[in-house]
Amino acid sequence: MMNKPTRELPARRDTPADGARPRLLLVEDEDGLRHALVRTLSETFDVTAVSDGSAAAELLVKETYDGVLSDIGLPGMSGVDLLRLVRTYDLDVPVVLMTGQPSVETAIAALELGALTYVQKPFAHDVLHGTLLRAAKLARLARTKREAVAAGVGGSPLAGDRAGLHTCFDRALETLSIVFQPIVDRRARKTMGFEALMRTKEPSMPHPGALLEAAERLGRIQEVGRRVRELAATSFRPPDDGMTLFVNLHPADMLDSNLYDRHAPLTKIADHVVLEITERAALDDVTETKHRAAELRRRGFRLAIDDLGAGYAGLTSFATLEPEVVKLDMSLIRGIEGSPVKRHIVESMTRLCRELDMHVVAEGIETMPELATVIDLGCDYLQGYLLGRPGPALVPSSQSW
Ligand code: C2E
Ligand code: MG
Ligand code: MG
């Protein structure tokens, strides 16, 4: 049986206007302490008090608070469990935990979940007051900041606490989709394949780099990889048969057993797939790279080195992966017609790759002079906004240039 809040429930309210009394949810099972706290805190806050975690959780779904003050040792749902629950739907509400005996484990769990602070019982009321007022101000600041991020102005989208980041990341994964950018065969002047690029509707992760950075911080890279591979395989509808699908891998994906799974959707079309491994991230943490590359080839995949010229020493990845395809980083292509150095580098790379039986893709072609130059230098495949923006894999397969 759930305990009733000690005052009538107001209708659902949105964030209070600045200047309004801050709204505080108090969760304390000890009647005497709860009553005492309601009395003193009501001088400053609009206090709603409940005596267990489930009642608090129910209120938090319906209402917006500027702070939660919760005991840790609650019947049924502990203060830390409550905090975990709170973070699944309110990333910004500051939670202040009260405890008689803090343990190291609880402290770590609480901090990871974004508890603002601890107050140890018995506490001085002016200290508690000050902590809660500061919490309320932080809550309003955090909400304003998140609104700014959602509106696309300022603020680091990744500046939230870990639990908040997990929640944003979950939403990003749920709304993940794939767009396809055409890759054109220079000789045939036809689209020969598409690169799968991920997109998400999560406002705090507006481009793949932000999602990947969050995934790295949370140790959840392989979840992204699995979702991308599944979606890329199932949503790829090439306009012609036999077209190649290029799929990006993070080095950590190389360690995921799912990548090698015969029954995974992408493995089923492996003969049409080139896996791109970026030069921007080091392969150092990947063990048995040569063996893994061989395993992928046994499944039917071909391999590409992506962003060549952008990152770490290329020779190691060349020697270990022996890629079938090399994608030149767009920094080498940008303004290439006016740069003898870039022209020289691209020409040498293209010649060497040809001698090693590797195909070369020039990425990021935006202008006609760039296109003319990379064609002249012998790049096999061409990709860039000039030839086609990322979108559905349904472009005409002939080119007008
Ligand atoms: P990338 O694999 O080198 O992909 C090419 C990026 O350049 C894409 O950005 C593409 O939209 C953009 N691009 C293509 N043509 C042009 C052009 O002419 N001009 C300019 N300025 N840009 C062009 P996007 O989609 O934002 O992806 C950025 C990077 O994020 C990718 O670089 C790749 O490293 C990573 N990424 C994207 N999707 C995935 C994915 O599904 N998995 C993994 N692991 N990484 C991904
Ligand atoms: Mg790529
Ligand atoms: Mg690239």
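This text follows the structure it describes.
The rules behind each value
In every chain, residue numbers begin from 1 and rise along the written sequence. Starting at A for chains and at 1 for ligands, labels are handed out in the order in which the entities are written. Side-chain atom pairs in this predicted model are given and counted only at pLDDT of 80 or more, local residue features only at pLDDT of at least 70, and totals for whole chains, interfaces and linings cover all residues. Excluded from the side-chain calculations are hydrogens and water; all other atoms, namely the structure's heavy atoms, are used. Only DSSP runs of H or I reaching four residues or more are called helices, and only runs of E reaching two or more are called strands; each is numbered from the N terminus. Here the expected span of a helix is defined as 1.5 Å times the quantity of residues minus one. Only protein chains enter the calculation, and the probe is 1.4 Å; a residue is then buried if its accessible area is under 20% of its type maximum, exposed if over 50%, and partly exposed in between. Any two residues whose heavy atoms approach within 4.5 Å are treated as being in contact. Atoms of type N, O and S within 2.8 Å of a metal are treated as its donors, and for Na, K and Ca the window is 3.2 Å; water is not considered, so some sites may appear to be missing partners. DSSP calls a pair of strands paired once it identifies at least 2 bridges connecting them. The axes used here are C-alpha line fits, helices contributing only the stretch in contact, and every angle between their N-to-C directions lies in the interval 0 to 180 degrees. These descriptions rest on fixed angle ranges, namely under 35 degrees for roughly parallel, over 145 for roughly antiparallel, 65 to 115 for roughly perpendicular, and the rest for oblique. Two helices crossing with the near one rotated counterclockwise from the far one by less than a right angle form a left-handed crossing, whereas a clockwise rotation gives a right-handed crossing. Gly falls in the polar group here, along with every residue not listed as nonpolar (Ala, Val, Leu, Ile, Met, Phe, Trp, Tyr, Cys, Pro) or charged (Asp, Glu, Lys, Arg). Just to be clear on terms, a salt bridge is a Lys or Arg side-chain nitrogen sitting within 4 Å of an Asp or Glu carboxyl oxygen. Two N or O atoms form a polar contact when they lie within 3.5 Å of each other; inside protein one atom must be a possible hydrogen donor and the other a possible acceptor, and for residues adjacent in sequence the pair counts only when both atoms belong to side chains.

Let's shift gears to helix α8 (residues 221-235). Compared with an ideal rise of 1.5 Å per residue, which puts 15 residues at 21 Å, α8 spans 21 Å between its outermost C-alpha atoms and is within 8% of the ideal. Of all the positions in α8, only Ile 221, Val 224, Gly 225, Val 228, Arg 229, Leu 231, Ala 232 and Ala 233 are classed as buried. Considering only its buried residues, α8 is in contact with α6 (162-174), β6 (177-185), β7 (190-199), α7 (208-218), β8 (244-249) and α9 (265-268).

Let us now look at the coordination of the magnesium ion (ligand 2). Summarising the metal site, the magnesium ion (ligand 2) is bound by the protein donors Glu 195 (OE), Asn 248 (OD1), Glu 276 (OE) and Asp 306 (OD), whose distances to it range over 2.0 to 2.2 Å. Sequence positions of the residues that donate to the magnesium ion (ligand 2) give the spacing E-x52-N-x27-E-x29-D. If you look at the magnesium ion (ligand 2) and the magnesium ion (ligand 3), they sit 3.9 Å from each other and are both ligated by Asp 306. Of this pair, Asn 248 sits in strand β8 while Glu 276 sits in strand β9 (residues 273-278); the two residues are 28 residues apart in sequence, bridging distant segments of the chain. For Asn 248, a relative accessible area of 27% gives the class partly exposed.

Relative to the elements of secondary structure, Asp 71 occurs in strand β3 (residues 67-71). Discounting chain neighbours no more than four positions away, the residues touching Asp 71 are Val 27, Glu 28, Asp 29, Gly 79, Met 98, Thr 99 and Lys 121.

Before going further, it helps to spend a moment on the sheet that holds strand β2 (residues 46-50). The five strands are arranged β2-β1-β3-β4-β5 in an open sheet whose pairing can be described as parallel. Looking at strand neighbours, the two that pair on one side only are β2 and β5 (117-120), the edges of this open sheet. Across this sheet, the average inter-strand angle for adjacent strands is 20°, counted without regard to direction. In the sheet, strand β1 (residues 23-27) pairs with β2 via five bridges, with the strands oriented parallel.

On to the pairing of β6, then. The buried fraction of β6 amounts to eight of the nine residues, a majority that puts the element mostly inside the structure. The sheet contact formed by β6 and β7 spans nine bridges and is antiparallel. Paired with Ile 183 across the two strands is Gly 193, which belongs to β7. Two elements, β6 and strand β13 (residues 381-382), share two bridges in a ladder whose sense is antiparallel. What sits directly across from Asp 185, in β13, is Tyr 381.

Bringing the packing of α6 against α7 into the picture now. Contact geometry for α6 and α7: axes closest at 10 Å, N-to-C directions at 130°. Taken together, the axis directions place α6 and α7 in an arrangement best described as oblique. Of the two elements, α6 crosses α7, and the hand of that crossing is left-handed. Only Leu 211, Ala 214, Ala 215, Arg 217 and Leu 218 of α7 make contact with α6, whose side of the interface consists of Arg 162, Leu 165, His 166, Phe 169 and Ala 172. Residue classes in the contact of α6 with α7 are distributed as seven nonpolar, one polar and two charged.

Our focus in this paragraph is the coordination of the magnesium ion (ligand 3). Protein coordination at the magnesium ion (ligand 3) comes from Asp 306 (OD), Asp 307 (OD), Glu 363 (OE) and Glu 363 (OE), with a distance range of 2.1 to 2.8 Å. Between the donor residues of the magnesium ion (ligand 3), the gaps in sequence give the motif D-D-x55-E.

With that out of the way, let us pick up the pattern of salt bridges. Applying the stated rule across the entire model yields 20 salt bridges. Of the charged contacts, one joins Glu 63 and Arg 23 as a salt bridge, the two residues approaching to 2.7 Å between their closest N and O atoms. Of this pair, Glu 63 sits in the loop between α2 (53-62) and β3 while Arg 23 sits in strand β1, and the two are 40 residues apart along the sequence. Here Glu 63 falls in the buried class, since its relative accessible area comes to 3%. Among the salt bridges present, the one from Arg 187 reaches Asp 380, with a minimum N-O distance of 3.9 Å. You can see Arg 187 sitting in the loop between β6 and β7 and its partner Asp 380 sitting in the loop between α14 (368-376) and β13, a full 193 residues away along the chain. Exposure remark for Arg 187: the relative accessible area of 58% places this residue in the exposed category. A relative accessible area of 7% means that Asp 380 is categorised as buried. Shared partners join several salt bridges into a network, and the residues in it are Glu 195, Glu 276, Lys 327 and Glu 363.

Within the secondary structure, Ser 204 is located in the loop between β7 and α7. On the accessibility criterion, Ser 204 (6% relative accessible area) is buried. In the structure, Ser 204 is positioned 36 residues away from Cys 168 in sequence and 7.2 Å away in space, judged by C-alpha atoms. Polar contacts involving the side chain of Ser 204 include one to the side chain of Glu 202, which spans 2.6 Å.

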